[in-house]
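# An overview of the molecular structure
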Amino acid sequence: MPDKLITEEKRVFMTGNEVVAWAAMAAGAEIMYGYPITPQNEIMHYWTRLAPKYNRRFLQTEDELSAGFTTLGGVMAGRKAFTATAGPGNTLMQEPLSMAEAMRLPTVTIIQQRGGPSTATVIYSQQEVTMTTFGGNGEGLRIVYSTANHQELFDYTIKAFNVAWKYRFPTFILGDGYQAKMRESLTIYDPEQRGIEFVPAEPFVGKPGTPGVDREPGHYRNTYNVEEELYDVLQEFFADYEKMVPEVVEYHSFDTEDADVVVLSHGVVSRGAKEAVEILRKEGKKVGYFRPITLRPLPEKELKELATKAKKLLVVESAQGQFGKLIKNAIYGGTAEFLTLYKPGVGITTEEIISRVEEIL
Amino acid sequence: MADVIKIMLAGEGGQGVQSVAEILAEAADNEGKEALYIPNFGVEQRGGVSIAFLQISSERIGAPKFNTADIVVALSDRAIYRTKQYVGEKTVFVYDSGIDIPQEDLPKEAAKLLAIPALEIAKNELHPRVFNVIIMGAVVKATGVVTDKDAKNAIEKKLGYKFEQNPKLRELNYKAIERGMELV
């Protein structure tokens, strides 16, 4: 049985869902747990086609609660496990993923956002930002990458497995229905040939030796009897998270130095935002571009700086202010005027961003 | 900005507009160009107007959807009404001449209105199954986004396994693409 799907770098043309399945294979993912929901179905389809050829596994569960919990189980058994979902499936999955946060389990979850609330559309939105970044009960100690194109879907899915196992926080790839279904080119590669080293997985339970005698006992808890006990554990988590922030935060920006208006966007919307800013700059207009790649943790320092330097910030998203809320929180105390272009559940074109910027310039 | 050609194909579910868009996107990718194809999926897949957004460029493409197309191809009366909003002053609007629609309902602002008898040719000259390939030929000729050779190669890639079983199908598809090109 061949152990590698990708043995050399090559350009391919495929849908985003197929990209995710290939990336998970390349990242050495050992098992996927899942329950079908549009628009992420084809991640499962491609994975189940590839997995048997490369000695990987798949389990379809009865719902997303179960898919989430079995992913946790896979991780506890020391497997690089992942799942994928969308919309109401993402809602259900917050219960197990909150448990992953409590037990510091390195789960990898791919979210292909669809419209909401509830069943809504199977098509597209950026309306799962609040849920994916802060999730269920708890404090949202997670890592969330918001990708914008197929190359990033490939690169960051690979990265997600390493980041999750290194820092032990639940890690997410936040895509959307457009990225899931559209086709475009990208370069696929064997990560090891590019010098990417895999962080090894290790079992949480079933380790050799007697706990307390041969090794430290493993206390993986999601239950506490007294308030103070939980408080102390959370303090450690917060400290770990804060220490990690500068190592994982990512963003992309240009032309912000002298900008009167900085366009803020994330994910697939940033493609149009980038193009809009480039076109407006060519016309001599002082417009800048800023896009957080990690929505959790956010590049807070850079955002705060923007909010004191630029005159206006324009937040563009396919939701009614979910990304906007994250930004507002980060820039508290900044002086820039806060403006928006919100189109919940609807795609945003380059032309629309240009005309909104022209309106406020 | 790089020159991007923006193509919109719309028709009834089952008319094969998504296949055409996918084959054209594959052909452009094979030529080393950047292509982005996104189907307008959703309820449309269960009987309604099916729309494909296709962009082809020499450089990376921005937003997956657009407001104004360079060429719109509408293959049913409902598709014409649905796609009118994507027509601008520079848009070439292609529709099937067999569609029964009042003249005043066509998008007047289009740079060019082009009625082609694709349905009729498919039915009477070739085969109803290659209707969408005739349309593809028309798009290839009207936009020049890919060569007819690359378009044929892309068809071969997608349908080659069927051609193996029945070589006549290959001939039929090639004829359809050529016939489509003649219509523009």
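Everything that follows concerns the structure shown earlier in this document.
Residues numbered from 1 in each chain as written. Chains lettered and ligands numbered in written order. Predicted model: local features only at pLDDT ≥ 70, side-chain atom pairs only at ≥ 80, totals over all residues. Heavy atoms only, no water.

### Re the environment of glutamate 31 of chain B
- Following the sequence through the fold, glutamate 31 of chain B ends up in the loop between α1 (17–30) and β2 (34–40).
- Once residues lying within four places of it in the same chain are set aside, the contact partners of glutamate 31 of chain B are Val145, Val146, Thr147 and Asp150 of chain B. (Helix = DSSP H or I, 4+ residues; strand = E, 2+ residues; numbered from the N terminus. Contact = heavy atoms within 4.5 Å.)

### A word on unusual backbone geometry
All names here are of chain A.
- Backbone torsion omega between glycine 116 and proline 117 reads 10 degrees, so that peptide bond is classified as cis.
- Here proline 117 shows up in the loop between β5 (108–113) and α5 (129–134).
- For the bond from arginine 296 to proline 297, the omega torsion is -5 degrees, close enough to zero to count as cis.
- Tracing the sequence through the fold places proline 297 in the loop between β12 (294–296) and α10 (300–309).
- In this structure, serine 118 takes a positive phi of about 55 degrees despite not being glycine.
- Examined against the element boundaries, serine 118 turns out to sit in the loop between β5 and α5.
- Judged by its relative accessible area of 58%, serine 118 falls in the exposed class.
- The phi angle at arginine 168 is positive, at roughly 60 degrees, despite the residue not being glycine.
- When its relative accessible area of 22% is taken as the criterion, arginine 168 is described as partly exposed. (Buried < 20%, exposed > 50% of the residue type's maximum accessible area, 1.4 Å probe, protein only.)

### Overview of the packing of helix α9 (residues 269–282) of chain A against helix α12 (residues 350–360) of chain A
Residue and element names in this part refer to chain A.
- One way to put it is that α9 packs onto α12 with a least axis distance of 8 Å and a crossing angle of 55 degrees. Accordingly, the angle class assigned to the pair α9 and α12 is oblique. Crossing of α9 over α12 shows right-handed handedness. Here Val269, Gly272, Ala273, Glu275, Ala276, Ile279 and Leu280 of α9 come into contact with α12, specifically with Thr350, Ile353, Ile354, Val357 and Glu358. (Axes fitted to C-alpha atoms, helices over the stretch in contact; angles between N-to-C directions. Parallel < 35°, antiparallel > 145°, perpendicular 65-115°, else oblique. Left-handed = near helix turned anticlockwise from the far one by under 90°.)

### Topic: α9 of chain A
Residues and elements named next belong to chain A.
- In a regular helix each residue adds 1.5 Å, so 14 residues correspond to 20 Å; α9 covers 20 Å between its end C-alpha atoms and thus fits that length.
- Within α9, burial applies to Val269, Ser270, Arg271, Gly272, Ala273, Glu275, Ala276, Val277 and Leu280.
- Directly after α9, the chain includes glycine 284, whose backbone phi takes a positive value near 85 degrees. (Expected span 1.5 Å × (residues − 1).)

### Overview of the environment of lysine 166 of chain A
Residue and element names in this part refer to chain A.
- Structurally, the position occupied by lysine 166 is in helix α6 (residues 150–167).
- Given the relative accessible area of 52%, lysine 166 is considered exposed.
- In sequence terms lysine 166 and tryptophan 47 are 119 residues apart; their C-alpha atoms lie 24 Å from each other.

### Regarding the sheet that holds strand β3 (residues 57–60) of chain A
Residue and element names in this part refer to chain A.
- On the basis of which strands lie adjacent, the open sheet formed by seven strands has the order β3-β2-β4-β5-β7-β6-β12 and mixed pairing. Each edge of the sheet is formed by a strand with only one pairing partner; in this case those strands are β3 and β12. Recorded for the sheet is a direction-independent mean angle of 25 degrees between the axes of neighbouring strands.
- As paired elements, strand β2 (residues 31–34) and strand β4 (residues 81–85) share two bridges and run parallel to each other. Counterpart to methionine 32 in the pairing with β4 is phenylalanine 82.
- Contacts between helix α4 (residues 87–103) and the sheet are confined to β4, β5 and β7 (171–176), with β4 contributing the most and set at about 150 degrees to the helix. (Pairing = 2+ DSSP bridges.)

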